[in-house]
Amino acid sequence: MPQLAIDATCLPQYDKLDRPTRERLREATRKFRELPLDALLAHPDLRIRSLPAGQDPRVRTFRISDSWTGVMLAPESGETFLLVHLLPRDTAEGWAQDHRHDVNGVMGTLERRDAAALEKTVPEEPAPRSGEARGGPFDGVSDGDLERLGVDPEIRRFVRTLSSPAELHAWRPALPQDQFEVLTALAEGHPVRRVQEEVVAPRRPRVGAVSTDDYDAAIRNTRERVIVVGDDQEIEDVLAGEFNAWRVFLHPKQRDLAYRPRFGGPAKVTGGPGTGKTVVALHRVKHLAENLPLDGRILLTSFTNALVESLKGNLALLLDPALLDDVDVLTIDKVALDVVRRTHPDIRLRTDTRGVFAKIARQHGLPYPPDFLYSEYRHVVMAQQITTLEGYLDPDARRGRSTALAADQRRAVWHAISEARALMRTGRALPAEEMHAEAARLLAERPEPPYTSVVVDEAQDLHPMQWRTLRAAAREGPDDLFIAGDNRQRIYDNTVSFKRLGINVVGRSYPLRVNYRTTRQILDWAGGIVGGRTTEELGGSAPEPEGADRCVLSGPPPRLHGAADEPAELDALAEQVRAWLAEGIAPADVCVTARTNRQRDAVAAHLRARSLPAAAFNPREQAVTDAAGSVRVTTMHGAKGLEFRAVAVTGATAASLPFMDHVTPAEQDENQHRADLEAQRSLLYVACTRARERLYVSWHGTPSPFLPG
Ligand SMILES: Nc1ncnc2c1ncn2[C@@H]1O[C@H](COP(=O)(O)OP(=O)(O)OP(=O)(O)O)[C@@H](O)[C@H]1O
């Protein structure tokens, strides 16, 4: 039976079709699935035609309606038809003649080029080597290397005519897609070996050699752009537009990580905002669930309720309902709470820990700023599981803290911390840190950990105590932990060493570099917030490997607005939101961030007073689907992990970013001071990188020093 595949590049065109034409296309695709080949080729409605003699014999056109034509690739090698384009009838044949589809000889993928446009530009003979560099972006890459990376002779000649990376980008629509990726990576300065590993290798077929005649195999191997439609519902979904590209079209690197049969132990996926870490984590859960041993169970975990709700919703789109039963999707704190509740059913989490420590510090007359005791408890005592005064007096205990404490000062601090802990342990409500300590202890006592595999998203913000719970919750061995995160987005002050936690990711750390969310204009600008700074690798002490992210989207630059005072800033914000809604952006696709809870509520009230639909959003308590008809107004922290078509970041004012009340004074602890400042810088970066198409950033008075240039 013939089979139909769809090239993702025709989906935007599909959006332009009117309803009756869409219906006709659906009917046509049904025929491809139902009729035998002979009947299909002879069908009077479809009018499947080859191109005129001398043109590509594999290309066919077919009639969708009187005014629309579909263009297909019909390889001689099989019965798979690939729908490559949808076009108005009078332009279809011309387009089909101008474009050529080939199998990449190295990567085995099916690529398309605008052969007519290239022919006009590319010299027939390679330019003679003059011996000196011309200043082109590929001067430093030999033809041999290009060939090994899958760049074919025509494109090799073409790239020698280019004078800048911008010129390469302008040619993008005409160039074979995977070769374009190779060239972009080279133009960004990535070494040949890295391009080979990160761009070429993941695209190669898993088994067998590449045959440039086997179009059928190439169609199946081009999973980044091609969906082979399996059943009715799937095609209805694809063509009904209710389809999320991330479910099907994974970047080869994403697919490689998500569907790798097995990792020998904990594996880590890092990458800038919008590079699909969450998408990979979701697909990994799918792979693990499909291959789960009978008694197995999977945990998918993230930070806030809102993130967990959104993971749950997306997992339900991806996974067979029967498999969903094998997966728990919970916040990390809920995991610990559930474990502890099995032994102490009425225990609760308390959220006033910071205040309790400040109070005890006052009572003990400690001569430090209000948050000192709490910080010492979190970052020294709990992070390192120090259980005795002797342990705390150990010269190594406070490694990384820059303010020295003499032995008698340490004794005084230890007694105050012990008293605060004892006080909190008498009630039924435990701070998260204690809950995790208890959970890790209880889990270690169980004969078997509860989970076969634990998949963690937004991992950069977890406290060592939370890691201990997760480590203890997963059976040690292959596929035990799959960790996705980005240290540039770390907005809480936790530093973590995987090594010290017994999580060994050596040799199993993988970067993602293609940004699918944000336009190049927004990402470039936001990059200036954190630019030029070395970030530590997630869970390690080495610097993060550098490497720019590539963007697939493009759009207008961010809009920046400085107002004289707060009311003027809010007025301008209301106008911006109104303009977005007038443009057709749905309220639920708009997010406004504010710096504090109080400002969040004030902004929401202000927008409502201007008759704009707006609701305050708290991700710890709400799901993203709550208040779906409103513009979401949240704190910068609350926007973490989410995304919206349009984002307005308000309050980027020097007085609140950095907000010095939340920054440890330098004289108390220089290292902590720096870490706190960096966390606030990341906060602005996180808020700005939630935007898919539009970003607006405003302030009043003096702008935040974190704003680029
Ligand atoms: N292969 C893909 N094809 C199409 N869209 C994709 C692909 N991968 C990711 N996306 C989309 O890109 C956006 C960002 O993906 P995702 O949320 O997984 O990124 P992330 O790395 O977790 O981001 P962040 O760190 O900023 O939270 C989402 O809208 C997702 O659906």
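For the protein, the name recorded in an unreviewed UniProt entry is DNA 3'-5' helicase, with Nocardiopsis endophytica as its organism.

Draft legend 1. Fine view of the UniProt feature "binding site: ATP" (unreviewed entry) in the protein. Taking the UniProt record as the reference, the feature "binding site: ATP" (unreviewed entry) is found at Gly271, Gly272, Pro273, Gly274, Thr275, Gly276, Lys277 and Thr278. With near-sequence residues (within four places) excluded, Gly272 lies in contact with Asp486, Arg488, Asn515 and Asp549. For Thr275, the position within the fold is in the loop between β9 (267-271) and α15 (277-290). Judged by local crowding, Thr275 falls into the buried class, with 26 C-beta atoms found within 10 Å.

Draft legend 2. Layout of the sheet that holds strand β11 (residues 327-331). Read from one edge to the other, the open sheet built from 6 strands follows the order β11-β10-β14-β15-β9-β16, with strand pairing classed as parallel. Unpaired on one side and paired on the other, β11 and β16 (509-512) mark the two borders of the sheet. Ignoring which end each strand starts from, the neighbouring axes of this sheet average 15 degrees apart. Bridge count between strand β10 (residues 298-302) and β11: 5 bridges; the pairing is parallel. Paired with Ser302 across the bridge in β11 is Thr331. Where helix α18 (residues 332-343) meets the sheet, its contacts fall on β10 and β11, and the angle it forms with β11 comes to roughly 105 degrees.

Draft legend 3. Structural detail: the site of the ligand. In the neighbourhood of the ligand, 21 residues make up the surrounding shell, with Pro273, Gly276, Lys277, Thr278 and Tyr516 lying closest. Looking at the shell around the ligand, the elements with two or more residues in it are α13 (245-248), α15 and β17 (514-519). With 3 residues, α15 is the largest single contributor of residues to the shell around the ligand.

Draft legend 4. Structural context of the nonpolar core. Counting 78 residues, the largest nonpolar core has Val285, Ile298, Leu300, Leu373, Val454 and Ala473 as its most contacted members. Setting aside chain neighbours within four positions, we find Ala473 in contact with Leu299, Val335, Leu443, Pro449, Pro450, Tyr451 and Val454. Of all hydrophobic cores here, the second largest spans 47 residues; its members include Val530, Cys591, Val603 and Leu607.

Conventions we followed
- Residues numbered from 1 in each chain as written.
- Predicted model: local features only at pLDDT ≥ 70, side-chain atom pairs only at ≥ 80, totals over all residues.
- UniProt positions renumbered as here; feature names shortened; annotations may be inferred.
- Contact = placed C-beta atoms within 7 Å.
- Helix = DSSP H or I, 4+ residues; strand = E, 2+ residues; numbered from the N terminus.
- Buried ≥ 20, exposed ≤ 12 C-beta atoms within 10 Å, placed from the backbone.
- Pairing = 2+ DSSP bridges.
- Axes fitted to C-alpha atoms, helices over the stretch in contact; angles between N-to-C directions.
- Near = placed C-beta within 6 Å.
- Core = buried A, V, L, I, M, F, W, Y, C linked by C-beta atoms within 7 Å.

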